[in-house]
Amino acid sequence: MRTLVTFLGRTPRQVKEDSYRETQYDFGGGELTSPVAFFGWVLMQRLVENSGLDRVVILGTSGSMWDHLFEQDIQLGDTHEDLRLSLVDAVENKEVTQRHLDQLAPVLKEHVGMEMVLHIIPYCQGESEQVELLRIMDDLVEEGEQIELDVTHGFRHLPMLGLMAALFLRSVRGVVVNSIWYGAYDQETGVAPVHDLVGLLKIADWMQGLVSYDKDGDYSVFSKLLGGGRGELLAEAAYFERVSNNSVASQRLGSWMGLDERVDPNNPAAVLFQPILEERLQWHKKSPQSQQEQSLAWVYLQKRDFVRAVIYGMEGLITADCEHGSDPHNHDSREEAKEHLRDTETGFITLGQIRNTLAHGNPPKEKVKRIIGSEKKLANTLRSLFKQLNVRQ
């Protein structure tokens, strides 16, 4: 289902003409729309012609110009005159109720030829009313629905609420927000250029990706944002890193870093976040391999992923020991290095006990039991052990 969700405000009344002020809208291309008081109508017509539309949801306050829907843009005749006059009075006194709208919505539906939903919303002057707006919108959309969101009319803070609503509906309803329309009225020309603000959602996607990565270190969240071969390289690198194969992970990251265009140059959001992402993936440039593993140990410790922190800390120490004269990729060499560290470093033994408890659920020794008794104690202990064992950042 494809739905236009639009807000109905209250433009100034022109006393002489006894009508609301009309505006011409410019979608680009040099042609202006006919003068209208409510942008939702010309947007609806454009969407019907270009991509099809199944229904329209119009949201407004008790003081919005609801009467205009039945006086200017839509002529209903005398059939529902009593209801219309009652609505006119209610608008004048800013006392429109949901009952007024429910009575007239079927008439509007019949006239327009598609489902019309008219709904009262609060003035959104405080947090509770702003949350109420999101709840109302949640009730009015369906799972997976395609949304065209228009934030032209209404409060000055409505575009911010509209963006929040778009993010909210995508998260809780899985809706697809195709566009966020805004007609920016120019007082000097009397014309309103129309902008599509949906690019803000792309910025929000990258921000959400960074939050997710900073939390758990999984940069595969960027694979969909990059798309194609770029995204596949990052997804593969993230997978191999998370199965403790940082050697292959580093190779995949190196391949991505070696691309002439690591992000789509035509995607402004991706270009904006490219250096931020690259900064977070600098570990793969460190050499030798032991430095990469030890650096990841600190990264995961900072993210409170204690299992991976311990694993990479120990593997980094084993690799470093091998690098003094044996092959760090040979199983027997690594076993010998592990035994050497156990014989010479008591801190390495403690790391192993912590690892076995965290990774395998082994019953902890009393010492380890105390260490893992609180998150703060565990974090401080690992930090202290890493420094003692010279695990390099």
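Residues numbered from 1 in each chain as written. Predicted model: local features only at pLDDT ≥ 70, side-chain atom pairs only at ≥ 80, totals over all residues. Heavy atoms only, no water.

Right, let's get into helix H13 (residues 331-344). In this model H13 runs 20 Å from its N-terminal to its C-terminal C-alpha over 14 residues, within 8% of the 20 Å that 1.5 Å per residue would give. Of all the positions in H13, only Ser333, Arg334, Ala337, Lys338 and Leu341 are classed as buried. End-on, the buried residues of H13 take up no more than an arc of 140°, which puts them together on one face. Summarising the geometry of H13, the exposed residues directed more than 90 degrees from the buried face are Asp332, Glu336 and Asp343. If you follow the buried residues of H13, they end up packed against helix H12 (306-322) and helix H14 (346-360). Looking at where H13 begins, the residue whose side-chain oxygen comes 3.0 Å from the main-chain nitrogen of Asp332 is Asn330. (Helix = DSSP H or I, 4+ residues; strand = E, 2+ residues; numbered from the N terminus. Expected span 1.5 Å × (residues − 1). Buried < 20%, exposed > 50% of the residue type's maximum accessible area, 1.4 Å probe, protein only. Arc of directions from axis to C-beta. Contact = heavy atoms within 4.5 Å. Polar contact = N/O pair within 3.5 Å; in protein donor to acceptor, adjacent residues only side chain to side chain.)

Here helix H16 (residues 375-388) is 14 residues long and its end C-alpha atoms lie 20 Å apart, about the 20 Å a rise of 1.5 Å per residue gives. Of the residues making up H16, those classed as buried are Leu378, Ala379, Thr381, Leu382, Leu385 and Phe386. Along H16, the residues classed as buried sweep out an arc of 165° about the axis, all on the same side. Those residues of H16 that are exposed and aimed more than 90 degrees away from the buried face are Lys376 and Lys387. Buried residues in H16 make contact with helix H11 (289-302), H12, H14 and helix H15 (366-371). Asn390 sits one or two residues past H16 and shows a positive phi near 65°.

Attention shifts here to the packing of helix H4 (residues 127-140) against helix H5 (residues 158-173). Closest axis-to-axis distance for the H4/H5 pair is 10 Å, and the angle between their directions is 45°. As the angle between them shows, H4 and H5 are arranged oblique. The two elements H4 and H5 cross, and the hand of that crossing is right-handed. Every residue of H5 that contacts H4 at Gln130, Leu133, Leu134, Met137 and Asp138 is listed here: Leu161, Met164, Ala165, Phe168, Leu169, Val172 and Arg173. Split into classes, the residues belonging to the contact of H4 with H5 amount to nine nonpolar, one polar and two charged. (Axes fitted to C-alpha atoms, helices over the stretch in contact; angles between N-to-C directions. Parallel < 35°, antiparallel > 145°, perpendicular 65-115°, else oblique. Left-handed = near helix turned anticlockwise from the far one by under 90°. Nonpolar A, V, L, I, M, F, W, Y, C, P; charged D, E, K, R; others polar.)

Tallied over the entire structure, the rule returns 17 salt bridges. Two residues, Arg308 and Asp305, come together in a salt bridge whose shortest N-O distance is 2.9 Å. Judged by relative accessible area, Asp305 falls into the buried class, the value being 15%. Salt bridges sharing partners connect three or more residues here, namely Glu132, Arg135 and Asp139. (Salt bridge = Lys/Arg side-chain N within 4 Å of Asp/Glu carboxyl O.)

Another aspect to go through is the packing of aromatic side chains. Under the criterion given, the structure shown has eleven aromatic pairs. On the basis of an interplanar angle of 55° and a centroid distance of 6.3 Å, the ring pair of Tyr213 and Phe222 is categorised as tilted. Across this residue pair, the class does not change: Tyr213 and Phe222 are buried. Joined through ring pairs, the aromatic side chains of Trp206, Tyr213, Tyr219, Phe222 and Phe273 make up one cluster. Positioned above the aromatic ring of Tyr185 is the side chain of Arg21, whose terminal nitrogen or guanidinium carbon lies 4.4 Å from the ring centre. (Phe/Tyr/Trp six-rings, centres within 6.5 Å; stacked < 30°, edge-to-face > 60°. Lys NZ or Arg CZ within 6 Å of the ring centre and 35° of its normal.)

In this section: the sheet that holds strand S5 (residues 55-60). Across the sheet, seven strands lie side by side as S4-S9-S8-S7-S1-S5-S6; this open sheet has mixed pairing. Only two strands of the sheet have a single neighbouring strand rather than two, namely strand S4 (24-26) and strand S6 (115-120). Put simply, the sheet's adjacent strands are angled 20° from each other on average, direction ignored. Where S5 meets S6, six bridges bridge the pair, whose relative direction is parallel. Each bridged residue has a counterpart across the sheet, and for Leu59 the counterpart in S6 is His119. Against the sheet, H5 makes contact with strand S1 (2-8), strand S7 (146-150) and strand S8 (176-183), and its axis sits at roughly 175° relative to S8, the strand it touches most. (Pairing = 2+ DSSP bridges.)

Before going further, it helps to examine the packing of helix H6 (residues 199-216) against helix H10 (residues 268-280). Taken N-terminus to C-terminus, the directions of H6 and H10 make an angle of 10°; their axes are 10 Å apart at the nearest point. Between H6 and H10, the interaxial angle falls into the category roughly parallel. Residues Lys202, Ile203, Trp206, Met207, Leu210, Tyr213 and Asp214 of H6 form the contact with H10, whose participating residues are Ala269, Ala270, Phe273, Ile276, Leu277 and Arg280. Classifying every residue of the contact of H6 with H10 by side-chain character gives ten nonpolar, no polar and three charged.

On to the nonpolar core. Burial of nonpolar side chains together is a common tendency in soluble globular proteins. Counting residues in each nonpolar core, the largest one holds 48 residues, and the members touching the most others are Tyr219, Leu234 and Leu281. Counting residues per element, this core draws most heavily on H12, which supplies eight residues. When near neighbours in sequence (up to four residues on either side) are disregarded, Leu281 contacts Tyr213, Tyr219, Leu234, Leu253, Trp256 and Met257. Counting 36 residues, the second-largest nonpolar core is a separate cluster that includes Phe38, Met44, Leu108 and Ile120. (Core = buried A, V, L, I, M, F, W, Y, C linked by side-chain atoms within 4.5 Å.)

It is worth spelling out the pairing of strand S9 (residues 191-196) at this point. The two faces of the sheet receive side chains in turn, since in a regular strand these alternate between them. By the bridge criterion, three bridges tie S4 to S9 in an arrangement that is parallel. In the sheet register, Asp26 faces S9, and the bridge partner there is Pro193. Relative to S9, S8 runs antiparallel, the two sharing three bridges. When the sheet's bridge partners are listed, Trp181 is paired in S9 with Asp196.

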